[in-house]
Amino acid sequence: MTRDDIEKLQLELLVRNIDYAYENIPFYRDRFDEKGIKAKDIKSLKDLQNIPFTTKDDFRNNYPFGLFATDMKKIVRIHASSGTTGKPTVVGYTKKDLETWSNLVARIAVAAGVTDNDIVHIAFGYGLFTGGFGLHYGLEKVGASVVPASSGNTKRQIMLMQDYGATVLVCTPSYALHIGETAQKLGIDVHKDLKLKIGLLGAEPWSNQMRKKIEERLGLKAYDNYGLSEVMGPGVAGECEAQDGMHIAEDNFIVEIINPETGIPVEDGEYGELVVTPLTKEALPIFRYRTRDITRIKKDRCLCGRTFARMDKPIGRTDDMLIIRGVNVFPSQIEEVLFSIEGISPHYQIILERDGALDKATILVEANANLFFDEMKKQRQFMDRINAELKSALGIEITAKLVEPYSIERSEGKAKRIIDKRKF
Amino acid sequence: MDIEKYKIPQISVFIENKKGRFYNTTNAMREAGVNIRAMSLADTMDFGILRFVVDKPKEAYDALIESDFIVKKNDIMAIAIDDECGGLSKLLKVVSDLDLNVEYMYTFVNSLDKRAVMLFKFEDIDSAIQKLSDSNINLLDQEYFNRI
């Protein structure tokens, strides 16, 4: 599709959705009336900017089903976010929504090279989280043989992959690393004993350095994909074989990048908060959902030939941005620095504390034979080097500290990277 | 002279300053039937370095790796001196005159043969062995640690 065709289709679907939401969702009817928004006044995609944002709070205030456009009779599936505080965000799907969702997940899987010959091991937790079921039905749609292993018991997971000859692994990036590490400990040669070729990894931010480590450890090519339950789940965007940004399903979503403080769209190519408007949803047609993910969008032609715009791996979330001594820091920036130093293991944790009135940031890094020197002098030089690189990249003092292997808790879902002990 | 003969294998272990870690290290060696001949514990702000000289260096190394410790093997020198007043001072005079750079050292006393054993980590072990041996210093080999 050309850019013009994409935008024409998006506008048409958007106008239809505004009407549909006005008719069926009291929350949006009130909101549109209040702002004087009418579908017939939407003449171009720019007019989308007149529509107020939808936030997680809107979901909370309408808990559980207040934002649904259809009655429960038509809803065939409920999912909910893993919200750590307060009520979870509840989302619903009609039969048609599930169909759309499966198709979009199938699309990202195929873009990463998955075919009906593949055996796919899904180690995402099944349940309310959209990752497990989302990937599951999408991969069935592709025709692959799906093994719904779910999360937990890493040794058993590895045995299943070995015995069933899994060629595709679906899980979080941090769990993929953990699987690689456990396989190594069990004396399994990932190149000979496992047949993995492709990893479809997502649900948490990760860096390109981490991708390299995962690819080395598991002997596969790791592809990123993006999605969030509020706008559908996985399948919003996914990487093609060029591994140069995730193609957004622009025939189903409009994406914008805004300045998180002002709410105003940034220039093309600049970093900001991703805002998503789903266009084809029956149960939950929301508008301008603020994802809190910080990324940027590229619209140039991809090597693979696809014309849909690409989004970068999110570099962080507006709400996990750390403010350390007044400086904005994303955990992913710290990760980039650590992983660029030869020999550092991929497990780390950031500890924030108060030292009097000042913030104190410490990074725990697991020691290994490359990082441990018998001579104190060399050890100090090495630690000084890590600290200096962190300082030059982030502009603040962060002290690296070596801890024993396996002392940082391994996660089977999303990795816990930050421990904030500060009391404000 | 055979320089290699006087290189004593030393095992260095990274341990966090946490309860029970020192014990776990020694226990791993006990289970492997390794006898510790000399040891030192150096501590930094955050972690410690345990250094051992043992009767069976290979077994000790393998046992510690097996228990997920971070371990380094390197070579140090062992020098016997008389266990009497001024014994160490005499030796250090020679070391100083020869301009040998010491990284660290530790010691143990063997009550059976009335000698003290000094363990040295020199910056350049090969030249230290050569020069100290030329100065008639009593160098010990690994055999000594298997025997006592």
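Keep in mind it's a predicted model, so treat the numbers as computed, not measured.

Q: Before we go on, may I ask you to explain the pairing of strand β4 (residues 70–82) of chain B in this structure?
A: Moving residue by residue along a regular strand, the side chains alternate between the two faces of the sheet. Residue and element names in this part refer to chain B. Bridge count for strand β1 (residues 8–16) against β4 is seven bridges, and the pairing is antiparallel. When the sheet's bridge partners are listed, F14 is paired in β4 with I70. Pairing of β4 with strand β6 (residues 115–122), which is carried by six bridges, proceeds in the antiparallel orientation. Considered in β6, the bridge of M77 is made with F120. Sheet topology places β4 next to strand β7 (residues 139–140); two bridges connect them, and they run antiparallel. Its bridge partner being in β7, I79 is matched across the sheet by L139.

Q: What's the story with the nonpolar core in this structure? I'm lost.
A: General note: in soluble globular proteins, nonpolar side chains tend to be found buried as a group. Counting 85 residues, the largest nonpolar core has L169, V170, A176 and I248 of chain A as the members making the most contacts within it. Dropping the residues within four chain positions of it, L169 of chain A is found in contact with H121, A123, A176, L196, G199, L218 and L220 of chain A.

Q: Even after reading the chapter, I still don't get the packing of helix α9 (residues 331–339) of chain A against helix α10 (residues 376–394) of chain A, so can you show me in this structure?
A: Packed helix pairs are specified by the crossing angle of their axes together with the interaxial distance, meaning the distance between the axes. All names here are of chain A. Contact geometry for α9 and α10: axes closest at 10 Å, N-to-C directions at 140°. The pairing of α9 with α10 is recorded here as oblique in orientation. In this structure, α9 meets α10 at a crossing whose hand is right-handed. Seen from α9, the contacting residues are Q333, I334 and V337; seen from α10, they are E389, L390, A393 and L394. When the residues that make up the contact of α9 with α10 are grouped by side-chain class, the tally is five nonpolar, one polar and one charged.

Q: In this structure, what is going on with the domain arrangement of chain B? I would like to understand it.
A: Interface size is commonly expressed as the accessible area that is lost once the parts come together. All names here are of chain B. What the domain assignment lists for chain B is domain 1 (5–74) and domain 2 (76–147). Domain 1 and domain 2 are separated by 21 Å when their C-alpha centres are compared. Counting residues at the interface gives twelve residues for domain 1 and 14 residues for domain 2. Within the residue set of the side of domain 1 that touches domain 2, elements represented by two or more residues are β1 and β2 (36–43).

Q: Whenever I open this one, the interface of chain A and chain B confuses me. Can you help?
A: Listed by partner, the interface residues are 14 residues for chain A and 13 residues for chain B. Element by element, the count of residues in the side of chain A that touches chain B is highest for strand β20 (residues 399–403) of chain A, at three residues. Across the side of chain A that touches chain B, the residue classes tally to eight nonpolar, two polar and four charged.

Q: What is the right way to read the packing of helix α6 (residues 154–164) of chain A against helix α7 (residues 173–185) of chain A from this model?
A: Residue and element names in this part refer to chain A. One way to put it is that α6 packs onto α7 with a least axis distance of 10 Å and a crossing angle of 80°. When the axis of α6 is compared with that of α7, the two are roughly perpendicular. Along its contact with α6, which presents T154, K155, Q157 and I158, the element α7 presents H178, I179, T182 and A183. Looking at the contact of α6 with α7 residue by residue, the class counts come to three nonpolar, four polar and one charged.

Q: Got a minute to help me understand the confidence of the model for chain B in this structure?
A: Interpreting fine coordinate detail is not advised for predicted regions of low pLDDT. Across chain B, the average pLDDT comes to 91, with 99% of residues at 70 or higher. Scoring the predicted complex yields pTM 0.73 and, for the interface, ipTM 0.83.

Q: What should I look at first to understand unusual backbone geometry in this one?
A: Residues and elements named next belong to chain A. Here the bond from Y63 into P64 is cis, since omega is -5°, no more than 30 degrees from zero. Its place among the elements puts P64 in the loop between α3 (56–61) and β1 (75–80). Positive phi is not limited to glycine here, since S150 has a value of about 60°. Looking at where S150 falls in the secondary structure, it is placed in the loop between β4 (145–147) and α6.

Q: I'm lost on the pairing of strand β2 (residues 90–94) of chain A in this one. Help?
A: Residue and element names in this part refer to chain A. Of all the five residues making up β2, five are buried; the element is thus mostly covered by neighbouring parts of the structure. Bridge count between β1 and β2: five bridges; the pairing is antiparallel. Its bridge partner lying in β2, I75 is registered against T94.

Q: Just checking my understanding: could you explain the domain arrangement of chain A for this structure?
A: All names here are of chain A. Split by domain assignment, chain A resolves into domain 1 (93–317) and domain 2 (322–420). Inter-centroid distance (C-alpha atoms) of domain 1 to domain 2 is 27 Å. Counting residues at the interface gives 17 residues for domain 1, matched by 14 residues for domain 2. Among the secondary structure elements, those contributing two or more residues to the side of domain 1 that touches domain 2 are α7 and α8 (208–218).

Rules used throughout
- Residues numbered from 1 in each chain as written.
- Chains lettered and ligands numbered in written order.
- Predicted model: local features only at pLDDT ≥ 70, side-chain atom pairs only at ≥ 80, totals over all residues.
- Pairing = 2+ DSSP bridges.
- Helix = DSSP H or I, 4+ residues; strand = E, 2+ residues; numbered from the N terminus.
- Core = buried A, V, L, I, M, F, W, Y, C linked by C-beta atoms within 7 Å.
- Buried ≥ 20, exposed ≤ 12 C-beta atoms within 10 Å, placed from the backbone.
- Contact = placed C-beta atoms within 7 Å.
- Axes fitted to C-alpha atoms, helices over the stretch in contact; angles between N-to-C directions.
- Parallel < 35°, antiparallel > 145°, perpendicular 65-115°, else oblique.
- Left-handed = near helix turned anticlockwise from the far one by under 90°.
- Nonpolar A, V, L, I, M, F, W, Y, C, P; charged D, E, K, R; others polar.
- Domains from an automatic or database assignment.
- pLDDT = per-residue confidence, 0-100.

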